[in-house]
Amino acid sequence: MAISRSAEAWLVRRFYRGSDDMFARQRPDPSQPPGTDRLPQIKHIVLLMMENHSFDNYLGTLGHGRGLPVDDTGSPLPVRQCDGTMAKLVRADSTRQVEGAPTPAWLSSHVQYADGTNGGFQKAVRDLVPDATDEQIAAPMRYWTEEHLPFYAALARTFPLADHWFSSCLGPTFPNRRFLLAGTADGLVDDLPFGMVGYPKAGTILDLLTRNGIDWANYHAVAKRRVVRPFGRRTLTAARRVTGVLDRAVPARLGSPVRRLSFTADLYPLGMFTAWGHLHGHDRFFADARRGTLPPVSIVDPDFRDFSEEPPQDIARGEQFAAQVIDAVMRGPAWRDTLLIWFYDEHGGYYDSVVPPPAVEPDDKPGKSLAGLPAPARALLRKVVKTKMHATVDANTDMRYDRLGFRVPAVIVSPYARPGAVVSDVFDHTSVLRLIEDKWNLPSLTRRDAAANSPISALDLDAAPAFANPPDLPPPLLGLP
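Position numbers for residues start from 1 in each chain and track the written sequence from start to end. In keeping with the predicted nature of the model, local features appear solely for residues at pLDDT of at least 70, side-chain atom pairs appear and are counted solely at 80 or more, and the whole-chain, interface and lining totals rest on all residues. Processing note: side-chain calculations cover all non-hydrogen atoms of the structure and skip hydrogens and water entirely.

Draft legend 1. Just the overall build of the protein chain, in detail. Scanning the protein chain from N- to C-terminus turns up 16 helices and 12 strands. Burial here depends on accessible area, computed with a 1.4 Å probe over protein chains only, as a share of the maximum for the residue type. Under 20% is buried, over 50% is exposed, and the range in between is partly exposed. In the protein chain, buried positions account for 61% of the 481 residues. Contact between two residues is taken to exist if any of their heavy atoms lie within 4.5 Å; hydrogens are not considered. Look at the contacts in the protein chain between residues 6 or more apart in sequence, and 82% of them connect residues 24 or more apart. Here, Shrake-Rupley sampling with a 1.4 Å probe gives the accessible areas, and only protein chains in the shown set may cover a residue. Accessible surface computed for the protein chain: about 18800 Å², of which carbon and sulfur atoms make up 53%. Segments assigned H or I by DSSP are reported as helices when at least four residues long, segments assigned E as strands when at least two residues long, and all are numbered from the N terminus.

Printed below as a string of structure tokens:
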């Protein structure tokens with residue numbers, strides 16, 4: 001039994017009333033009601049968030065925006081590590097990635113940050129990946145070029161490149177995607193399921209959209225049989241959550257945390273009661289793009305198991321999917337009033353040359369981790385939870401959200417985009433929330449999105465659209481399907 005849109009709105013109004021934090025930003029125009037469209041040129045916002053790569057890992061040798069420092073021959077300079085040694089940056093010889101490394105886990109990311117030197121990338125693998133091989137230790141310093149990723153390179157040269165877009169925290173996928181939804185990780189610092197029970201005080205941006213009658217969709221690659229309706233005949237959502245936690249907690253089946261991710265909206269499981277009618281497969285996305293019927297806000301997730309670009313996947317498959325999504329938007333009838341953002345949830349453990357800046361803490365909820373367990377339990381977890389999971393189990397790391405994570409690739413795609421621009425304003429994933437809030441006159445959810453810069457600066461809305469006719473970009477390495 002699907003929940004009607006009116007019932008969804010009632011549930012959201014009843015349970016998620018918005019932040020009463022005195023530091024949160026009020027509506028952009030208090031004289032107008034929430035839901036007022038303040039940016040009529042843009043009717044569709046499409047968010048295409050891929051997985052696990054830093055800016056320099058993909059775009060550092062592009063020669064456009066702030067990339068890797070190079071020598072007189074154009075080769076990237078070696079990087080001084082926190083132990084005083086020099087690590088060489090190495091061009092990847094294929095689009096395949098190394099199994100088991102690098103790692104973006106919370107502890108690993110803080111080791112990589114190395115007190116503001118970005119000198120701990122290889123140390124994180126040596127110290128935190130059990131029995132690390134030489135290939136794994138070298139993996140964080142690999143990078144890809146335009147030859148590997150021709151579509152991405154052309155996209156970054158053609159449309160505004162945000163060369164200071166950072167992930168929202170020094171941590172892995174789940175906390176960072178939570179920031180995209182709610183301006184906070186709500187205390188989550190790892191990709192384990194045990195900390196996902198709570199819900200942010202002000203709800204999520206999806207709640208805020210629903211509450212104000214603004215449609216949205218999360219397009220995904222999950223088979224219909226796995227997307228269980230909240231009151232379906234076979235099971236309840238609560239049962240799905242319990243069995244999901246048990247399944248994920250069994251070490252033999254734990255696998256990659258990202259491969260356990262169904263879709264972005266699922267990262268606040270308690271909000272799923274009002275999300276079911278907004279979940280659609282990729283086929284529906286391409287049909288909606290072709291018809292020009294995409295909703296005002298779309299989240300397009302890759303297949304996290306096969307082509308999200310998370311290691312050890314072949315990154316060429318992810319580029320192929322992203323190119324297909326972007327091409328569908330550009331060739332669709334709604335292109336003339338669309339803004340699409342191509343970006344990454346976090347750096348994946350790959351080196352970046354720009355030190356993450358301090359950030360406004362989103363709320364007063366501290367990070368929590370398995371590090372809080374008694375020492376014997378932590379020792380047991382170290383034995384049974386491997387690679388990326390292993391690096392989350394530590395009692396001596398910072399649990400605050402007072403610093404952004406490492407830079408990630410990000411390009412703003414729209415007919416109103418400033419051709420070839422490099423936008424060096426500091427952005428993070430809560431900049432998306434700021435964009436949505438500014439457009440529909442919505443209040444901020446936390447202190448973080450209240451302080452965020454909006455990527456609307458990448459557009460020129462006062463001039464005729466420079467890309468009224470979408471540009472012809474080179475195909476991805478594997479071609480378009």
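Picking up after the structure, the text goes on.
Draft legend 2. Main features of empty space enclosed by the protein. Cavities and pockets are defined on a 1 Å grid built over the protein atoms alone: a cavity is a set of grid points where a 1.4 Å probe fits but cannot escape, while a pocket is an open set with protein on both sides within 12 Å along at least five of seven lines, and lining residues are those with an atom within 4 Å of any such point. Grid points are joined across faces, edges and corners, and a volume is the space filled by probe spheres set on the points. Taken as a whole, this structure holds nine cavities of 30 Å³ or more when the rule is applied. Looking at the largest cavity, its volume works out to about 90 Å³. Forming the boundary of the largest cavity are 13 residues, of which Tyr-199, Thr-204, Leu-206, Ala-265 and Gly-271 lie nearest the centre. Broken down by element, the residue count for the lining of the largest cavity peaks at three residues, all from helix H8 (residues 205–211). In terms of residue class, the lining of the largest cavity is made up of eight nonpolar, four polar and one charged. Each residue gets one of three labels, nonpolar for Ala, Val, Leu, Ile, Met, Phe, Trp, Tyr, Cys and Pro, charged for Asp, Glu, Lys and Arg, and polar for the others, Gly among them.

Draft legend 3. A look at the side chain of Asp-303. Tracing the backbone through its elements, the reader meets Asp-303 in the loop between strand S9 (297–300) and helix H12 (315–331). Non-local contacts of Asp-303, meaning those with residues more than four positions away in its chain, are made with Ala-221, His-282 and Ser-308.

Draft legend 4. Summary view of the packing of aromatic side chains. Ring pairs shown here join Phe, Tyr and Trp side chains whose ring centres sit within 6.5 Å, with only the six-membered ring taken for Trp; geometry is labelled stacked below 30 degrees between planes, edge-to-face above 60, and tilted in between. Within this structure, the stated rule accounts for 19 aromatic pairs. Between Tyr-58 and Tyr-344, the ring centres sit 5.6 Å apart and the planes meet at 90°, which makes this aromatic pair edge-to-face. Of this pair, Tyr-58 sits in helix H2 (residues 55–59) while Tyr-344 sits in strand S10 (residues 338–344); the two residues are 286 residues apart in sequence, bridging distant segments of the chain. A single burial state applies to Tyr-58 and to Tyr-344, both of which are buried. Residues Tyr-219 and Phe-285 carry aromatic rings whose centres are separated by 5.2 Å and whose planes lie at 70° to one another, so their mutual orientation is edge-to-face. Of this pair, Tyr-219 sits in strand S7 (residues 216–220) while Phe-285 sits in helix H11 (residues 282–291); the two residues are 66 residues apart in sequence, bridging distant segments of the chain. Each of the two residues, Tyr-219 as well as Phe-285, counts as buried. Put simply, the rings of Tyr-58, Trp-144, Phe-151, Tyr-152, Trp-342, Tyr-344 and Tyr-350 pair up and form one aromatic cluster. Put simply, a charge is over a ring when the Lys NZ or the Arg CZ is close to the ring centre, within 6 Å, and near the line of the ring normal, within 35 degrees. Over the ring of Trp-440 we find Lys-439, and its NZ or CZ is 4.8 Å from the ring centre.

Draft legend 5. Representation of the packing of helix H7 (residues 173–182) against helix H15 (residues 430–439) within the structure. Axis angles are defined between N-to-C directions and span 0 to 180 degrees, where every axis is a line fitted to C-alpha atoms and, for a helix, only to the segment in contact. Between H7 and H15, the shortest axis-to-axis distance is 7 Å and the interhelical angle comes to 10°. Between H7 and H15, the crossing angle belongs to the class labelled roughly parallel. Crossing hand, H7 versus H15: right-handed. Of H15, the residues touching H7 (which contributes Phe-179, Leu-180, Leu-181 and Ala-182) are Thr-430, Val-432 and Leu-433. Residues that form the contact of H7 with H15 fall into these classes: six nonpolar, one polar and no charged. Roughly parallel refers to an angle under 35 degrees, roughly antiparallel to one over 145, roughly perpendicular to one between 65 and 115, and oblique to any angle outside these ranges. For a crossing to be left-handed, the near helix must be turned anticlockwise from the far one by less than a right angle; the clockwise case is right-handed.

Draft legend 6. Just the nonpolar core, in detail. By convention a nonpolar core is built from buried Ala, Val, Leu, Ile, Met, Phe, Trp, Tyr and Cys residues, the set being connected through side-chain atoms within 4.5 Å. With 97 residues, the main nonpolar core has Phe-285 and Trp-342 as its most contacted residues. The contacts of Phe-285, once residues within four sequence positions are left out, are Tyr-219, Leu-294, Val-300, Val-325, Ala-328 and Val-329. Listed in part, the 11 residues of the second largest apolar core include Val-79, Leu-89, Tyr-351 and Phe-406.

Draft legend 7. How the structure looks around the packing of helix H3 (residues 106–113) against helix H4 (residues 121–128). Between H3 and H4, the least distance of the axes is 7 Å, while the angle of their chain directions is 140°. One element, H3, and the other, H4, form an angle in the oblique class. In the packing of H3 onto H4, the handedness of the crossing is right-handed. Where H3 approaches H4, its residues Leu-107, Ser-108, Val-111 and Gln-112 are matched on the opposing element by Phe-121, Lys-123, Ala-124 and Leu-128.

Draft legend 8. Summary view of H7. Burial runs high along H7: 10 of the 10 residues are buried. One or two positions beyond H7, positive phi appears at Gly-183, with a value near 75°.

Draft legend 9. Structural view of the pairing of strand S1 (residues 44–50). Counting buried residues along S1, seven of its seven residues qualify, which places the element largely inside the surrounding structure. Neither face of S1 is open: one carries His-44, Val-46, Leu-48 and Met-50, the other Ile-45, Leu-47 and Met-49, and all of them are buried. Note that S1 and S10 share seven bridges and pair parallel. If you follow Met-49 over to S10, its bridge partner there is Phe-343. In this description, strands pair whenever DSSP reports at least two bridges between them. As paired strands, S1 and S9 are joined by four bridges and run parallel to one another. Within S9, the position partnered with Leu-47 by the bridge is Ile-299.

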